[in-house]
Amino acid sequence: MDSSSAKIVVGYALTSKKIKSFLKPKLEVLARKKGIIFVAIDKSRPLREQGPFDVILHKITGREWRLQLEDFRQIYPDVVVLDPPDAIQHVRNRQSMLQEVAKLKLRGCRGQVDVPKQLVITGDPATIPSVVAKAGLKLPLVAKPLVVDGTAQSHALSLAFDELCLTSLSPPLVLQEFVNHGGVLFKVYIVGDSVRVVRRFSLPDVHKQLGNGVIAFPRVSSAAASADDADLDPEVAQLPPCELLNCLSKELRCRLGLRLFNLDLIREGGTGDHYYIIDINYFPGLGKVPGYEHVFTDFLLNLAQSKTEKPSASLPDNPEDILRDEPNSK
Ligand SMILES: Nc1ncnc2c1ncn2[C@@H]1O[C@H](COP(=O)(O)OP(=O)(O)OP(=O)(O)O)[C@@H](O)[C@H]1O
Ligand SMILES: O=P(O)(O)O[C@H]1[C@H](O)[C@H](O)[C@H](OP(=O)(O)O)[C@@H](OP(=O)(O)O)[C@@H]1O
Ligand SMILES: [Mg+2]
Ligand SMILES: [Mg+2]
């Protein structure tokens with residue numbers, strides 16, 4: 001099938017690493033069966049000379065690319081850009097990414113969702129202890145680079161266990177209170193109006209000062225290894241309630257203006273119904289989610305359908321289908 005006979009032509013501008021992890025053969029094969037083809041955008045040529053595309057799927061930053069996208073949208077106003085660069089920019093800063101969470105009104109949903117207390121530090125590291133004390137942040141604190149730009153550096157996190165060591169940190173960063181959560185984190189993947197939940201291993205609880213100073217830690221939760229089959233305390237492993245995830249994803253999709261993102265959700269103390277969102281990621285590692293190829297191709301078909309039904313593809317507001325990763329659902 002070529003572009004002329006396809007139902008949906010998706011132009012993609014992704015790094016080679018992302019292409020390898022996302023555009024797997026099982027996605028492309030299923031997509032073709034559904035009349036969807038993926039066409040690589042040649043980033044060395046003007047975008048306006050390529051296409052036409054029904055959808056542009058991208059995870060490229062930079063002013064030049066934004067200008068190319070804007071120019072293309074002038075020529076093809078009906079193209080769906082997944083997702084709009086301004087909305088992506090909003091979640092590539094660890095302060096602005098969580099601001100919308102603080103405004104959530106989860107009416108009638110079981111559970112409470114907050115953001116850990118956090119502070120943006122941009123000034124002289126020597127002033128950090130007094131700034132933290134003044135803000136009343138409780139140790140230990142997770143230190144995270146303020147800007148998320150896809151580099152390993154922007155994922156270089158550390159745990160600070162005492163005030164004094166804070167002066168060794170390198171602003172600009174966010175200091176976020178560490179919340180004990182039973183060592184399990186829920187990755188809530190939102191693809192249009194579908195929500196997929198997986199459990200991941202997380203940092204262990206901190207009951208006493210494990211050590212003084214600042215301890216850097218590796219990327220614990222973005223490994224593909226899901227914790228779904230691990231021998232976990234059932235209460236800690238219990239997935240958040242469906243209706244909470246429904247409300248959360250629907251409201252955040254509208255507030256963030258994104259259709260392709262995930263939330264890192266932790267449950268305070270590992271049990272109960274008080275949750276914290278500690279991170280939001282645009283176009284995350286969907287390829288790690290079992291069955292993602294079905295979710296993503298259905299999402300693209302929904303997009304195409306909503307384009308024909310409405311003048312411009314707005315965010316779908318029909319109820320989400322929660323696809324849950326129950327261990328026995330595999
Ligand atoms: N406030 C917190 N309380 C408890 N644990 C935390 C907190 N913030 C981060 N963590 C732990 O550190 C891990 C990485 O944090 P975070 O997700 O913010 O970093 P990231 O670089 O954006 O990671 P990725 O984008 O790969 O998900 C989390 O998965 C969790 O295990
Ligand atoms: O386990 P997940 O899917 O959350 O891991 C994601 C991670 O959350 C970030 O979205 C990464 O993107 P950057 O923040 O730009 O580094 C993803 O990397 P990518 O190469 O897949 O885009 C991780 O998969
Ligand atoms: Mg994260
Ligand atoms: Mg992240």
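All residue numbers here refer to positions counted from 1 along the written sequence of the relevant chain. All chains are assigned letters beginning with A, and all ligands numbers beginning with 1, in the order in which they are written. Two thresholds apply to this predicted model, a pLDDT of at least 70 for residue-level local features and 80 or more for giving and counting side-chain atom pairs, whereas whole-chain, interface and lining totals are computed over all residues. Think of the side-chain values as coming from all heavy atoms in the structure, minus any hydrogens and water.

1. Concerning the coordination of the magnesium ion (ligand 3)
Reasoning step 1: Each metal's donors are the N, O and S atoms found within 2.8 Å of it, except that Na, K and Ca use a 3.2 Å limit; water is left out, so coordination can look incomplete. Summarising the metal site, the magnesium ion (ligand 3) is bound by the protein donors Asp264 (OD) and Asp279 (OD), whose distances to it range over 1.8 to 2.1 Å.
Reasoning step 2: Between buried and exposed lies partly exposed: a residue is buried under 20% and exposed over 50% of the maximum accessible area for its type, with that area taken using a 1.4 Å probe on protein chains only. Accessibility expressed as a relative area gives 5% for Asp264, which makes it buried.

2. Topic: helix α2 (residues 25-33)
Reasoning step 1: Only DSSP runs of H or I reaching four residues or more are called helices, and only runs of E reaching two or more are called strands; each is numbered from the N terminus. Considered for burial, the residues of α2 that qualify are Leu27, Leu30 and Ala31. For α2, the buried positions fall inside an angular range of 105° around the axis, keeping them on one side. Those residues of α2 that are exposed and aimed more than 90 degrees away from the buried face are Pro25 and Lys33.
Reasoning step 2: Looking at the residues trailing α2, positive phi occurs at Gly35, about 80°. This arc is taken over the directions from the axis of the helix to the C-beta atoms.

3. Regarding unusual backbone geometry
Reasoning step 1: The omega angle of the peptide bond from Gly51 to Pro52 is 10°, so this bond is cis rather than trans.
Reasoning step 2: The peptide bond linking Leu82 to Asp83 adopts the cis configuration, its omega dihedral lying at -15°.
Reasoning step 3: Unlike most non-glycine residues, Phe283 shows phi in positive territory, near 45°.
Reasoning step 4: Of note, Phe283 is situated in the loop between β14 (274-282) and α9 (292-309).
Reasoning step 5: You can call Phe283 buried: its relative accessible area is 0%.

4. A short note on the site of ligand 2
Reasoning step 1: Taken together, 18 residues form the shell around ligand 2, and within it Lys17, Lys59, Lys187, Tyr189 and Arg200 come nearest.
Reasoning step 2: Here a polar contact is taken to be a pair of N or O atoms separated by no more than 3.5 Å, where protein atoms must pair a possible hydrogen donor with a possible acceptor and residues adjacent in sequence count only if both atoms sit in side chains. Note that an oxygen atom of ligand 2 is positioned 2.5 Å from one of the side-chain N or O atoms of Lys17.
Reasoning step 3: Contact distances for ligand 2 include 2.6 Å between an oxygen atom and a side-chain N or O atom of Lys187.
Reasoning step 4: Here ligand 2 has 500 Å² of accessible area as a free molecule, and 91% of this is covered by the chains. Here a residue is considered near a molecule or strand provided that any single heavy atom belonging to it is located within 4 Å of it. Here the accessible surface of atoms and residues is derived via Shrake-Rupley with a 1.4 Å probe, and residues count as covered only by protein chains that are part of the display.

5. Examining the layout of surface pockets
Reasoning step 1: Note on definitions: the grid is 1 Å and covers protein atoms alone; a cavity is a set of points where a 1.4 Å probe fits but cannot get out; a pocket is an open set with protein on both sides within 12 Å along at least five of seven lines; lining residues have an atom within 4 Å of a point. Grid points are joined across faces, edges and corners, and a volume is the space filled by probe spheres set on the points. Looking at the largest pocket, its volume works out to about 1,100 Å³.
Reasoning step 2: Around the largest pocket, the lining is made up of 48 residues, and of these His155, Arg219, Ser222, Asp279 and Asn281 lie nearest the centre.
Reasoning step 3: Elements with a contribution of two residues or more to the lining of the largest pocket: α1 (16-22), β7 (141-145), β9 (173-177), β10 (184-191), β13 (260-267) and β14.
Reasoning step 4: For the lining of the largest pocket, the element with the most residues is β14, which contributes five residues.
Reasoning step 5: Split into classes, the residues belonging to the lining of the largest pocket amount to 20 nonpolar, 14 polar and 14 charged.
Reasoning step 6: Counting the residues that make up the lining of the largest pocket, at least three belong to each of domain 1 (3-82) and domain 2 (99-324).
Reasoning step 7: Here the second largest pocket is characterised by a volume of approximately 260 Å³.
Reasoning step 8: As for the second largest pocket, its lining consists of 16 residues, and the residues nearest its centre are Pro145, Gln153, Ala156, Ser170 and Leu173.
Reasoning step 9: Among the elements of the structure, β7 and β8 (157-160) are those that each provide at least two residues to the lining of the second largest pocket.
Reasoning step 10: Looking at the lining of the second largest pocket element by element, the count peaks at three residues for β7.
Reasoning step 11: Polar here means any residue other than Ala, Val, Leu, Ile, Met, Phe, Trp, Tyr, Cys and Pro, which are nonpolar, and Asp, Glu, Lys and Arg, which are charged; Gly is therefore polar. Looking at the lining of the second largest pocket residue by residue, the class counts come to nine nonpolar, five polar and two charged. Bear in mind that the domain bounds are from an automatic or database domain assignment.

6. Quick look at the coordination of the magnesium ion (ligand 4)
Geometry sets the ideal angles at a metal, namely 109.5 degrees for four tetrahedral donors and 90 or 180 degrees for six octahedral donors.
Reasoning step 1: Distances from the magnesium ion (ligand 4) to its protein donors, Asp279 (OD), Asp279 (OD) and Asn281 (OD1), fall within 2.0 to 2.7 Å.
Reasoning step 2: The distance between the magnesium ion (ligand 4) and the magnesium ion (ligand 3) comes to 3.7 Å, with Asp279 serving as a donor to both metals.
Reasoning step 3: A relative accessible area of 12% places Asp279 in the buried class.

The values reported here are purely geometric and, on their own, carry no functional implication.
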